[in-house]
Amino acid sequence: MSTSGAEAAEVPKYTKKDFESDQDVRWCPGCGDYAILSAIQKSMPDLGIPRENIVFISGIGCSSRFPYYMNTYGFHTIHGRAPAIATGLRVARPDLKVFVVTGDGDGLSIGGNHMLHILRRNVDVTILLFNNRIYGLTKGQYSPTSELGKVTKSTPVGSADRPVNPLSFALGCGATFVGRTIDRDMKHMDEMLKRAAHHKGTAFLEILQNCNVYNDLTWNVLYEKESKVAHELRLEHGKPLLFGPANDRRALVMDGLTPRVVAAAEVGSSGQWVHDETNVNAAKLLADLWTPEFPIPIGVLSAIQAPIYESIVLEQEQRAISERGPGDITKLLTSGDTWKISSEGG
Amino acid sequence: MSTSGAEAAEVPKYTKKDFESDQDVRWCPGCGDYAILSAIQKSMPDLGIPRENIVFISGIGCSSRFPYYMNTYGFHTIHGRAPAIATGLRVARPDLKVFVVTGDGDGLSIGGNHMLHILRRNVDVTILLFNNRIYGLTKGQYSPTSELGKVTKSTPVGSADRPVNPLSFALGCGATFVGRTIDRDMKHMDEMLKRAAHHKGTAFLEILQNCNVYNDLTWNVLYEKESKVAHELRLEHGKPLLFGPANDRRALVMDGLTPRVVAAAEVGSSGQWVHDETNVNAAKLLADLWTPEFPIPIGVLSAIQAPIYESIVLEQEQRAISERGPGDITKLLTSGDTWKISSEGG
Amino acid sequence: MSETAVRGAPKALKELDRAVIRFAGDSGDGMQLTGEQFTTESAWAGNDIATLPNFPAEIRAPAGTLFGVSSFQLQFGSQRVYTPGDRLDCLVAMNPAALKVHLSDLKPGGLLIVNTAAFDKRNLDKAGYASPPLDDPALAERYRLHKVDMTALTHEAIKDLPLNTKEKDRTKNFFALGLVSWIYTRPLEPTLEWINKKFAKSGDVAEANTRVLKAGHAFGETAEIFAEHYAVEAAEMPPGLYRAMTGNRALAWGLLAAAERSKLPIVYGAYPITPASSILEELAMHKRFRVRTIQAEDEIAAVTAAIGASFGGAIGVTGSSGPGIALKAEGIGLAVTAELPLVIFDIQRGGPSTGLPTKTEQADLMQALYGRNSESPVVVIAPATPGDCFYIAYEAVRIAAKYMVPVIVLSDGFLANGSEPWLIPDVSTLPPIDIHFRTEKEGFFPYLRDPATLSRPWVRPGTPGLEHRIGGIEKQDVTGNISYDPENHDHMVRQRAEKVRRVAQEIPPTTINGPATGDLLVVGWGGTYGSITAAVERAQADGKSVASIHLRHLNPLPPDLGHILREYRKILVPEINSGQLVRVLRAEYLVDAVGFNRVRGLPLASEEIHDAIDQLLGSV
Amino acid sequence: MSETAVRGAPKALKELDRAVIRFAGDSGDGMQLTGEQFTTESAWAGNDIATLPNFPAEIRAPAGTLFGVSSFQLQFGSQRVYTPGDRLDCLVAMNPAALKVHLSDLKPGGLLIVNTAAFDKRNLDKAGYASPPLDDPALAERYRLHKVDMTALTHEAIKDLPLNTKEKDRTKNFFALGLVSWIYTRPLEPTLEWINKKFAKSGDVAEANTRVLKAGHAFGETAEIFAEHYAVEAAEMPPGLYRAMTGNRALAWGLLAAAERSKLPIVYGAYPITPASSILEELAMHKRFRVRTIQAEDEIAAVTAAIGASFGGAIGVTGSSGPGIALKAEGIGLAVTAELPLVIFDIQRGGPSTGLPTKTEQADLMQALYGRNSESPVVVIAPATPGDCFYIAYEAVRIAAKYMVPVIVLSDGFLANGSEPWLIPDVSTLPPIDIHFRTEKEGFFPYLRDPATLSRPWVRPGTPGLEHRIGGIEKQDVTGNISYDPENHDHMVRQRAEKVRRVAQEIPPTTINGPATGDLLVVGWGGTYGSITAAVERAQADGKSVASIHLRHLNPLPPDLGHILREYRKILVPEINSGQLVRVLRAEYLVDAVGFNRVRGLPLASEEIHDAIDQLLGSV
Ligand SMILES: Cc1ncc(C[n+]2csc(CCOP(=O)(O)OP(=O)(O)O)c2C)c(N)n1
Ligand SMILES: Cc1ncc(C[n+]2csc(CCOP(=O)(O)OP(=O)(O)O)c2C)c(N)n1
Ligand code: SF4
Ligand code: SF4
Ligand SMILES: [Mg+2]
Ligand SMILES: [Mg+2]
């Protein structure tokens, strides 16, 4: 099934404007969410799906205010439950294109269990996780992605929890599409949003986002031009894993089962590690990499095909109907052990 | 902190009997849980911890009935929450040795979120997950570890969900100890139980368990002598990954980033893949392997050291006290902006 | 029980108007099956019937233990039977533990049939008998004791069949069934048919069960020990086609009927839990009705998945028992404010917390009414009997869709597993479930209310031009836009409450069982319907001025209720809780209603209710 | 407000006995800080004070928008001040949106001070003003309007300082503070001290704020436009050392006191949620008290972690707001049946569902009483004022530990953020919290109950010889072994209920504010204490036969309550919900209590309560 129904309908020519709702946007001035909103609105026409067949589901958080600003169907639900609601919606309506917008707290703290299960079920939903490594809406407590030792309102002398890596977590849950992009890189966001939206099955896209009020510049290493060039590793299917400035190109290579960074010059094209989106093992290795020892991978880590939960559910229904006809309650009620009591009876 | 307190106290010489409670064991005759119970009772004396400093926490399920049968402190709580309860207990009482006993439903379905977070926090708790790939206590519905297409009471024409792999999931959550053993291999269980119990931080041990009533022989490949020899891959730190019968020894090797099975003879000791418990990348590769293409890894996949949540919490407390002295409520109440109102006042 | 001799039977055949029988044995002894078959036979005989299965929380509790005892009780009669019965006319005890646990419920002079083979030292110890109870002469004095070595007789009957001892042993419950079937002159046909269907593939097993069943029957016929047996005439029941119906199956089938009539798919999100799991399992077998089941990761996902389905234009339904319903509270609150249809089945069980998973209780009424943050009103209804669950489920869907509101259905473990002969309805006579999704753009607002029901329009995503956003934050009436305006909030709180109040329009006049005015009114709800009715009819037979009413609608309450309550000098409210409905009635109508409350995980005994009536009237 | 001229002041100094002031502006305008500083100044002046902060759910709502308006209201007086006041004597509006939102609350003839600089076209549009409101002559007729270009005056005062325009702009709220401080003759010292402490590191900013504050003050002194200003004498207050106290800080500090007196560590498990988060944040700063905070992954983990801590022999505490409390229901049920101490803070907010996160409400009473599966009784108490939160938190721990029972504390958003001058108590005078963990093996049973409290023994794991297991399945009394016995279950249900009833022993006699018998009794609970008391005292002043009582204990209810209720002809129950306590009282005592209910996310206006009293009495 998937969203075929949607693709069937004939589609007007849309522009970004067509996806802007009439609601006041209520984020703080300077919030990274503005850029993401505009990137998503911009990417919508590319879907080739009638606007009325698109639904945005979110939980609670600054990020989760998102659906109000999209001129599509939308549901701003409760904290952490968007993946479950989206699952129910897809089972009821496999003809709709469903997006989930969530945050590092909404999706990985209170919503962690639903995230695990939507990923393993591979429900055909595009999940956009805005990761600002903080609880924004509740005014600045640390989140499950905050660095160990993070000083926040709720951790005046530093947090005691090791953070979860959203990509490693998603891969450990069996995700079929895992990617990462940045709020300050419009072009890359646009690419990634399209890739994620077109994936069949659950697409998990982490969007590094700036909360300029409670966790400003947490991703600065990827904001400042120079450090971005030095540390960002662009993943492209079929391309070798090279990064760094032209004058100091570096290569990521495997040394047995341990990744290493070497001067690009040192490795012949044979020794290069060529990115393969279909190799989940490689994706798991890449997901764990971060500065300073390693570059920061940006792009599609993994994209594979696997059975889709609601497709199987609907196939089972179709098969039952085609094999034995649609249900008939009267037939059912009178089936099996029954007995008559005639009016004289008793 | 960790369990030092416990180790300090002087310890009587225990036998298995000392850990058997007076409660009737209420599992079905033939249930794999009996073997696990006896293995755990047997392994207890090895801990060298006074019985009164040991606590077993469980959720709900056949497996979770476990604490009643141990002559230690025990708490049979609610479905899925044992990891959270154990976290609170450890923060209150870092001197206690805490075990969590859970099932594939309790620990990975309703309890998935708490499992994620205890693993990333690395709370010093030993988690024993009895995986029978079914909901036993509720009489046989499929579980998150059941195979795709599994026919059960709740899925008469087969389940539509891809299962979660407990080991891959745990590794994706940042687990510091991940292992697997089998209810029908007393010796291996004993080894693994001791390894897990001695680990500092969260130890995650999957115990393959037979539910002879609702999912009999689901692990048969590891029960039948011949197939066990053919498919079981024993992981031992520092030993090469070899398996299979003597007359047909096979080796697991890496071909780039893809594991392959080859005849053992073909690979020189140089080409062998030597198991290294401290290499998480390797563990993630191994966790995904299963028959028929690959052998089934049994043993300790990964064991590393990392900061322990409650140790940091307690250190912060100790530091605060040693730097500024214990709290004094009267001092606090009268600190900061205060003003006097004299009886004449007003 | 009135007995009248009947001539010409080889053995004296006495006629009874009702009988209460309990089969009790090990979890492994197949007592549930035995009881179910005996029920079917009695149904064929045209009796009215009520059943009470009762089994341990453990899956297969170790053999011979007290906590491992499983039992099945039923009452059948030639008149209307309201309950499985309080005290037993006949107890079949397959082992010492069963005898120990159940003997106290057997009437003095009652028929006691024991399988002597199971009374060995080991079993006696496990049951905690110091001395063999069967040797105690007092037992034979107090009851009509029949010691039968069922095991031996069973093996004898099939010694030539190629089955191992364990397999042969397993058929002995059919010996008991055959014997008791003879004692109460039940037809064996239905059981014989069942055997042939069930064991079609394994001829020997079919043959074995058939022979053993007949052997038991013959044993009663011939053995000297049974001086008499009994006939229970067919009951006066409304004519028509009947089937046996259990509460959970009826709930499931009620949903199927609703799916067919509403022409909408139903998405049932559930996480397994006793005693609700069988609804999920039943629905999963009927995919042809476009009922889609989701076994969710937990109860929160189950209810929110159902909400997602309702948002998508399907009927979202979820089901669980008390602990799971507690977890759904926040989700239900979302449906309240999003004003989406949602049906929630709560199959109540003993609590608090994990409590008594396999036992029945009525203690979730307050949770259904108030178990959410803030002012979060929902509709609450409850079935009266297993068969009534069919109509309640259908009604729940109809109301939820018509008013765009969550409806909680309060069933319980007794209704869920209990069964009754059920007159199969003509589904076309059920009130229609008309769904109209809004499609006109003109003048559309997400919270523009229907003047009659106050319900907002239901829009299917996919409808061009009606794209809109809803959510859990307070919203402006009509437009649905986020609003923090104080007056609007107060207004919305009242709108949501008034919408639920309007559901009173759907409630038929309350039927009063007894005088329209009098000394005492007994008010009940849910699964206690049978016990209360039986007790009240007995009191009426005693000539007391007593009536009873049964509430199927608990929120809103029937519009005529306040008036009715004032027509009686006293009001008694029996409940399997510490007094919940009674508090609601006192608060709502300021009447001095008193509760009768026993929380034992069992249905209320009508005898006790009858005594409570006497007491209260004594003090009139 | 009574005014009397005072001689000899450069400008007429009139004396008031109370005044109600509101500072309103953009979220970015620093109105909360301005209000807090004005509060401190008034505290120094010896007034009694009540405050009402009010801010949008959005973190930094875009400038100039209506939903982005943030305000801080306070009432200060020379007599007891019970509430932040209903209608305003003075409104400071820093921009058009603030004017639009708040003007209607200003008394006719009230003082209206606006920052004209913000009244440009863009802001007027955003506020939805078609025409400039300040040009409308009606405004100046209706109110004492003062147009002040605060922005310009601010920049003027610090033009020579090396700060950029944005930084300079940010100080203008201190101009407003200085001006209003002059108008009400407040001492500037506390604010000057605050500035120096706060900006110690950045001299220029300190200098800027100081100058701007003084400039505002001087402006009032010199500018022609202000003909008069006001004095509010110090209030008659019990002598002693005072501090300003907000409700959430008081809850946190109450726990610290309990930790010190009980000598036990406290484990506070919480998941952030408005308006409860600041309790977690406050506690996290006081590790020296052996209070350990766990920011859990969700509310379920928060409550169960607290339960784990209690099992370990610490005081387990958890806190949240309505939606989070709903999620804790199942966990609380476990504590009920495990009979472990547990304290739950519920800082109520507007609902249902996500509702109005930053607004106040009292609608979780029913959830606290009944929001769990089955019969699951807990103790419920509620603070009356911000300062009372300190005593309530301490009391909650004391009761939880003494009775081995969960205690729910119902605070609300108004109490949580509101502040009052608080007489600092001598902690040693608080009732002791004696903990004795059982250590004797002799005769130990996990559910052996104390005859006075019915509480079971608390055993610290680590105690040799007392190894035992507890759990959520029903258990036999005394032994604590799993039991499915029907009679035992009924007995345990009653034991758990009776244990909670016994807590009534802890409740002091109810104080009646007014005549012990009369025409009308007003019954309140929680944060409405102030509004009700003010309204009732006004009615009493009018010579009405009215009294009021305030319930800090909601379950169990005070033993003397039933008797008291019967001494009045009418009973009024004002609540910020649809009528919850009123239902409890009607059900419990069968009295015809009527509710006064407004659910606007705001405290009840004492004026409205006063009117409700008149109405009800009118009908006496
Ligand atoms: C059940 C429940 N618990 C807690 C909250 C409070 N809450 C709202 S959003 C949020 C966290 C938001 O963090 P994140 O998901 O990272 O979103 P962000 O604001 O950072 O974009 C919390 C704890 C809530 N609304 N509901
Ligand atoms: C809140 C709640 N939901 C559901 C249940 C019902 N329930 C009890 S155990 C269980 C699953 C048990 O499966 P697993 O954890 O694999 O344990 P097993 O019985 O297989 O050992 C379920 C769904 C419950 N007790 N509580
Ligand atoms: S608080 Fe942070 S995340 Fe939220 S809107 Fe403001 S800047 Fe954005
Ligand atoms: S149901 Fe299965 S898991 Fe449970 S006790 Fe029986 S055999 Fe063991
Ligand atoms: Mg965030
Ligand atoms: Mg299992």
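Provided above is the structure to which this section pertains.
Residues numbered from 1 in each chain as written. Chains lettered and ligands numbered in written order. Predicted model: local features only at pLDDT ≥ 70, side-chain atom pairs only at ≥ 80, totals over all residues. Heavy atoms only, no water.

Here we look at the pattern of salt bridges
Stage number 1. What the rule picks out here adds up to 112 salt bridges over all chains.
Stage number 2. Note that Lys228 of chain A and Glu232 of chain A form a salt bridge whose closest N and O atoms lie 2.6 Å from each other.
Stage number 3. For Lys228 of chain A, a relative accessible area of 18% corresponds to the buried category.
Stage number 4. Arg449 of chain D is the salt-bridge partner of Asp477 of chain D, the closest N and O atoms lying 3.0 Å from each other. Taken together, the residues Asp477 of chain D in the loop between strand 17 (469–471) and helix 17 (486–502) and Arg449 of chain D in the loop between strand 16 (419–423) and strand 17 connect sequence positions 28 residues apart.
Stage number 5. A network of salt bridges, in which partner residues are shared, links Arg120 and Arg121 of chain A, Asp161 of chain B together with Glu297 of chain C. (Salt bridge = Lys/Arg side-chain N within 4 Å of Asp/Glu carboxyl O. Buried < 20%, exposed > 50% of the residue type's maximum accessible area, 1.4 Å probe, protein only. Helix = DSSP H or I, 4+ residues; strand = E, 2+ residues; numbered from the N terminus.)

Describing the site of ligand 3
Stage number 1. Near ligand 3 the following residues occur: Trp27, Cys28, Cys31, Cys62, Asn132, Gln209, Cys211, Asn212 and Tyr214 of chain A together with Ile59 of chain D.
Stage number 2. Surrounding ligand 3 are residues belonging to chains A and D, so the site spans chains.
Stage number 3. Each residue belonging to the shell around ligand 3 can be placed in one class, and the counts come to seven nonpolar, three polar and no charged. (Near = heavy atom within 4 Å. Nonpolar A, V, L, I, M, F, W, Y, C, P; charged D, E, K, R; others polar.)

Focus on the interface of chain B and chain D
Stage number 1. Counting residues at the interface gives 60 residues for chain B, matched by 70 residues for chain D.
Stage number 2. At the boundary of chain B with chain D, total buried surface from both sides reaches about 5,700 Å², with 61% on carbon and sulfur atoms.
Stage number 3. Contact with chain D buries surface across chain B, with Tyr73, Leu333 and Trp339 of chain B losing the most and accounting together for 15% of the total.
Stage number 4. For the interface between chain B and chain D, the tally reads three salt bridges.
Stage number 5. Taken together, the connections running from chain B to chain D amount to 28 residue pairs in polar contact (both at pLDDT 80 or more).
Stage number 6. Listed by contribution, the elements that provide at least two residues to the side of chain B that touches chain D are strand 2 (73–76), helix 3 (82–92), helix 5 (112–121), helix 10 (309–324), helix 11 (329–333) and strand 12 (339–341) of chain B.
Stage number 7. It is helix 10 of chain B that provides the largest number of residues to the side of chain B that touches chain D, a total of eight residues. (Contact = heavy atoms within 4.5 Å. Buried area = accessible area lost by both parts, 1.4 Å probe. Polar contact = N/O pair within 3.5 Å; in protein donor to acceptor, adjacent residues only side chain to side chain.)

So, a nonpolar patch on the surface
Residue and element names in this part refer to chain C.
Stage number 1. A cluster of nonpolar side chains, namely Phe445, Leu448 and Val478, defines an oily patch on the protein surface of about 210 Å² accessible area.
Stage number 2. Take Leu448: it is sitting in the loop between strand 17 (419–423) and strand 18 (469–471).
Stage number 3. Note on Leu448: relative accessible area 34%, which makes it partly exposed. (Patch = residues over 30% accessible without salt bridge, like charges linked within 9 Å, V, L, I, M, F, W, Y side chains within 5 Å. Areas by Shrake-Rupley, 256 points an atom, 1.4 Å probe, with all protein chains shown as cover.)

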